[in-house]
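Examination of the molecular architecture
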Protein chains: 2
Amino acid sequence: MSEKNLYTIKNVTKLTGVTASTLRYYEELGILEDVERDKNDNRIYTDEHLDRLGGIRCFKDGAMPLSKIREFYRYESDLENHIDDIIELVEEQTEELTETINKMVAQKKHMEAKVKFYSAIKKAIENNSPWPSWDEYSD
Amino acid sequence: MSEKNLYTIKNVTKLTGVTASTLRYYEELGILEDVERDKNDNRIYTDEHLDRLGGIRCFKDGAMPLSKIREFYRYESDLENHIDDIIELVEEQTEELTETINKMVAQKKHMEAKVKFYSAIKKAIENNSPWPSWDEYSD
DNA sequence: ATATCACTTAAAGTAGACTTTAAGGCAATA
DNA sequence: TATTGCCTTAAAGTCTACTTTAAGTGATAT
């Protein structure tokens, strides 16, 4: 209960790197909630909003679509009634993420092998020597 | 030089899971090249096209945009003149992929911790006991 | 002969995540 | 007082990667 810093939309942009229009868009989508206004109707953000934006970024890093992020926060604001929903959502997303990571790691290895292979070709070109075959490099 | 199987667009769809319109789209983009036609103007695909489609899928698994995939194959078809370009492209994409994977792995851990945390809350709800705090679960 | 099927093209539509534009309000500064 | 700067909304535009639609051709099945 100790923080009560307030931020203009520009301040939030500076602090988070999220543009003003994206902030409005997130609010419209309902993933950034309860944004108060000052007497001129300008948005006022709090530290809770900064925290939320940090959370959103994490979920986005985990390739979670905004619709799921929205669902997550909806459940989180009423955990008693949505504890099963939120567990299911996070477990499901974790599984998807695991699969995505596995594919990416495989492709990363493949691409590292390609760099070695093409580097060998580069040398072969420079030395006018016979080109290597991919078989020697493919993992 | 031993394979000379030919495939209709439907066969390719069955074998690869890539829809006919996506195949036409890839051809239009130039990432699927030299698709011949039969006397009725219908597309004829070869094993090389199936290989290419496998490669495209790998790159897509590595979150490579179609524009870069196109660039890659353009360079690959003229390695002598583009060996530096292709090495740069693949190295750059590998680096980006590494960063993406790192973020995803971090978020995966975070989400696994969340599942444990919410499971503990679920038990607390069931047992009418005090809720745990996130601090005990956050990694 | 006619219906059906697979194919063709070009163009329009979709989804997600924003960004840009247009039109205007309020407040401080020159 | 006029300009500048930051804010507002609603709507339209952008980008990627497709998908869907419309209109039409040609071969096959009944």
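So, a few notes on the structure that sits alongside this text. This is a predicted model, so every value here is computed, not measured. (Residues numbered from 1 in each chain as written. Chains lettered and ligands numbered in written order. Predicted model: local features only at pLDDT ≥ 70, side-chain atom pairs only at ≥ 80, totals over all residues. Heavy atoms only, no water.)

1. Quick word on the relation of the copies chain B and chain A
- Take chain B, turn it by 180°, move it 0.0 Å along the axis, and it overlays chain A with an RMSD of 0.1 Å. Those values place the two copies in the arrangement expected of a two-fold rotation axis. Residue Ile-101 of chain B of chain B places its C-alpha closer to the rotation axis than any other residue of that unit, at 3.1 Å.
- Of all interface residues in chain B, 100% are interface residues in chain A too; the two copies therefore contact each other through one and the same surface. (Least-squares fit on C-alpha atoms with pLDDT ≥ 70 in both. Contact = heavy atoms within 4.5 Å.)

2. Let's talk about the pairing of strand S3 (residues 43-46) of chain B
Residue and element names in this part refer to chain B.
- Two strands pair when backbone bridges link them, and strand S1 (residues 6-7) and S3 are joined in this way by two bridges, in the antiparallel orientation. The residue of S3 that forms the bridge with Tyr-7 is Tyr-45.
- Across two bridges, strand S2 (residues 36-37) lies against S3 in antiparallel orientation. What sits directly across from Arg-37, in S3, is Arg-43.
- Connecting S2 to the next strand, S3, in antiparallel fashion are five residues, including Asp-41 with a positive phi near 75°. (Pairing = 2+ DSSP bridges. Helix = DSSP H or I, 4+ residues; strand = E, 2+ residues; numbered from the N terminus.)

3. Quick notes on the protein's contact with DNA strand C
- Around DNA strand C there are 18 residues in total, and Thr-22, Tyr-26 and Lys-60 of chain A together with Arg-37 and Arg-43 of chain B lie nearest to it.
- Sugar plus phosphate: this is where 85% of the atoms of DNA strand C within 4 Å of the protein reside.
- One of the backbone N or O atoms of Leu-66 of chain A is found 3.3 Å from a phosphate oxygen in DNA strand C.
- Within the side chain of Lys-10 of chain B, an N or O atom sits 3.1 Å from a phosphate oxygen of DNA strand C.
- Tallying contributions element by element places helix H2 (residues 20-29) of chain A first for the surface near DNA strand C, with four residues. (Near = heavy atom within 4 Å. Polar contact = N/O pair within 3.5 Å; in protein donor to acceptor, adjacent residues only side chain to side chain.)

4. As for the sheet that holds strand S1 (residues 6-7) of chain A
- The three strands are arranged S1-S3-S2 (chain A) in an open sheet whose pairing can be described as antiparallel. Edge positions in the sheet fall to S1 and strand S2 (36-37) of chain A, since each of these pairs with one other strand and no more.

5. What to know about helix H5 (residues 79-127) of chain A
- The end-to-end C-alpha distance of H5 of chain A is 67 Å, a good match for the 72 Å that 49 residues give at a rise of 1.5 Å each.
- Backbone geometry just downstream of H5 of chain A places Asn-128 of chain A in the positive-phi region, at approximately 55°. (Expected span 1.5 Å × (residues − 1).)

6. A look at helix H1 (residues 9-16) of chain B
All names here are of chain B.
- Within H1 the residues assigned to the buried category are Ile-9, Val-12 and Thr-16. The arc that holds every buried residue of H1, seen down its axis, measures 60°, which confines them to one face. Turned more than 90 degrees away from the buried face of H1 sit Lys-10, Lys-14 and Leu-15, all of them exposed.
- Backbone geometry just after H1 places Gly-17 at a positive phi near 80°. (Buried < 20%, exposed > 50% of the residue type's maximum accessible area, 1.4 Å probe, protein only. Arc of directions from axis to C-beta.)

7. Section: the protein's contact with DNA strand D
- Surveying the vicinity of DNA strand D reveals 17 residues, the closest of which are Arg-37 and Arg-43 of chain A together with Thr-22, Tyr-26 and Lys-60 of chain B.
- What you see for DNA strand D is that sugar and phosphate hold 85% of its atoms within 4 Å of the protein.
- Between Arg-37 of chain A and DNA strand D, the recorded distance is 2.8 Å, taken from a side-chain N or O atom to a phosphate oxygen.
- At 3.0 Å from a sugar or linking oxygen of DNA strand D is found a side-chain nitrogen or oxygen belonging to Asn-40 of chain B.
- For the surface near DNA strand D, the secondary-structure elements that each account for two or more residues are helix H1 (9-16) of chain A together with helix H2 (20-29) of chain B.
- No other element matches the four residues that H2 of chain B contributes to the surface near DNA strand D.
- When its residues are assigned to classes, the surface near DNA strand D shows five nonpolar, six polar and six charged. (Nonpolar A, V, L, I, M, F, W, Y, C, P; charged D, E, K, R; others polar.)

8. Side note on unusual backbone geometry
Residue and element names in this part refer to chain B.
- The phi dihedral of Asp-41 falls on the positive side, at around 75°, and the residue is not glycine.
- In this fold, Asp-41 is placed in the loop between S2 and S3.
- The phi angle at Asn-128 is positive, at roughly 55°, despite the residue not being glycine.
- Topologically, Asn-128 is positioned in the segment after helix H5 (79-127).
- The exposure class assigned to Asn-128 is exposed, which follows from its relative accessible area of 73%.

9. Things to note about the interface of chain B and chain A
- Contact with chain B, which involves 36 residues of that partner, is made by 36 residues of chain A.
- Interface of chain B and chain A: buried area, both sides summed, is about 3400 Å²; carbon and sulfur atoms make up 78% of it.
- Considering only the surface of chain B that becomes buried against chain A, Met-104, Met-111 and Tyr-118 of chain B emerge as the three largest contributors, covering 20% of it.
- Our count for the chain B to chain A interface comes out at two salt bridges.
- Here Asp-84 of chain A and Lys-122 of chain B are joined by a salt bridge, their closest N and O atoms 2.5 Å apart.
- In this assembly, chain B and chain A are joined by four residue pairs in polar contact (both at pLDDT 80 or more).
- Put simply, the parts of the chain that give the side of chain B that touches chain A at least two residues each are helix H3 (47-61), helix H4 (66-76) and H5 of chain B.
- When grouped by side-chain class, the residues that make up the side of chain B that touches chain A number 19 nonpolar, seven polar and ten charged. (Buried area = accessible area lost by both parts, 1.4 Å probe. Salt bridge = Lys/Arg side-chain N within 4 Å of Asp/Glu carboxyl O.)

In short, geometric facts, not functional conclusions.
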